[in-house]
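Now for the letters of each chain:
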Amino acid sequence: MSTGTDTEYIREAIELAREAVTDGNTPYGSLLVVGDTVVKRSRNTTVTESDITAHPELKLARWAARELDAADRDDCTMYTSTEPCEMCATAIHYAGLDRVVYSVYGKSVANVRGKAKSGIPCEEVIDRKGGSTDVEGPILETEGKRVHEEFY
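Residues numbered from 1 in each chain as written. Predicted model: local features only at pLDDT ≥ 70, side-chain atom pairs only at ≥ 80, totals over all residues. Heavy atoms only, no water.

As named in an unreviewed UniProt entry, the protein is CMP/dCMP deaminase zinc-binding protein, taken from Halopiger xanaduensis.

Written out as structure tokens, the structure is:
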């Protein structure tokens, strides 16, 4: 269930997406929260690092798997500007994160980009892997979608 705090963190993820654009990348941003403490932030760097896997969700999931113990991952929420793609959803599952909250449906971004199809929803990917990560969204989709509309 989303809370007022969820909207604050989603707004921060949207701002990180804007920063990614300012840096020359596509508009995606994410942060990890354990309890009520932000432990790590990330922006998309696929263009500036010439790395097709440099999605913020993947970078944060990898960091969490390396740096957080199981108890912290069990209390960890990833807030992200856009629904994680299949690659990132799988990483989130393998990292054992408790919860993902996103702003914009992947399908909405596909529509903004003029694409007829979108990827497999994050929740479905995690379910197919047998995962237990809770997935919530969209939250503040109009605000989050605006970043994509301005970019694409």
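Moving on, there is more to tell.
Chemist: How should I be thinking about the overall build of the protein in this particular structure?
Modeler: In terms of regular secondary structure, the protein is built from 7 helices and 5 strands. Reading the secondary structure of the protein in the N-to-C direction produces α-β-β-α-α-β-α-β-α-α-β-α. A compact globule built from 152 residues should have a C-alpha radius of gyration of about 15 Å, and the protein, at 14 Å, falls within 12% of that. Across its three principal directions, the C-alpha atoms of the protein cover 40 × 35 × 30 Å. Residues counted as buried form 45% of the 152 residues belonging to the protein. Pairs at least 24 residues apart make up 63% of the contacts formed inside the protein by residues separated by at least 6 positions. Surface accessibility of the protein: about 7600 Å² in total, with carbon and sulfur atoms responsible for 45%. (Helix = DSSP H or I, 4+ residues; strand = E, 2+ residues; numbered from the N terminus. Rg over C-alpha atoms; globule rule 2.2 N^0.38 Å. Buried < 20%, exposed > 50% of the residue type's maximum accessible area, 1.4 Å probe, protein only. Contact = heavy atoms within 4.5 Å. Areas by Shrake-Rupley, 256 points an atom, 1.4 Å probe, with all protein chains shown as cover.)

Chemist: Any chance you could explain the packing of aromatic side chains here in plain terms?
Modeler: All told, the structure shown has 3 aromatic pairs when counted by the stated rule. With a centroid separation of 4.9 Å and an interplanar angle of 40 degrees, the aromatic rings of Tyr9 and Tyr79 are classed as tilted. Note that Tyr9 is positioned in helix α1 (residues 4-22) and Tyr79 in strand β3 (residues 76-82), a separation of 70 residues in sequence. Grouping residues by exposure puts Tyr9 and Tyr79 together as buried. (Phe/Tyr/Trp six-rings, centres within 6.5 Å; stacked < 30°, edge-to-face > 60°.)

Chemist: Which parts of the structure should I look at to understand the state of the cysteines?
Modeler: Applying the stated rule across the entire model yields 0 disulfides. Residue Cys85 stays outside any disulfide, its sulfur separated by 3.7 Å from that of Cys88, the closest cysteine. With no disulfide of its own, Cys122 lies 8.8 Å from the sulfur of Cys88, the closest cysteine sulfur. (Disulfide = S-S within 2.5 Å.)

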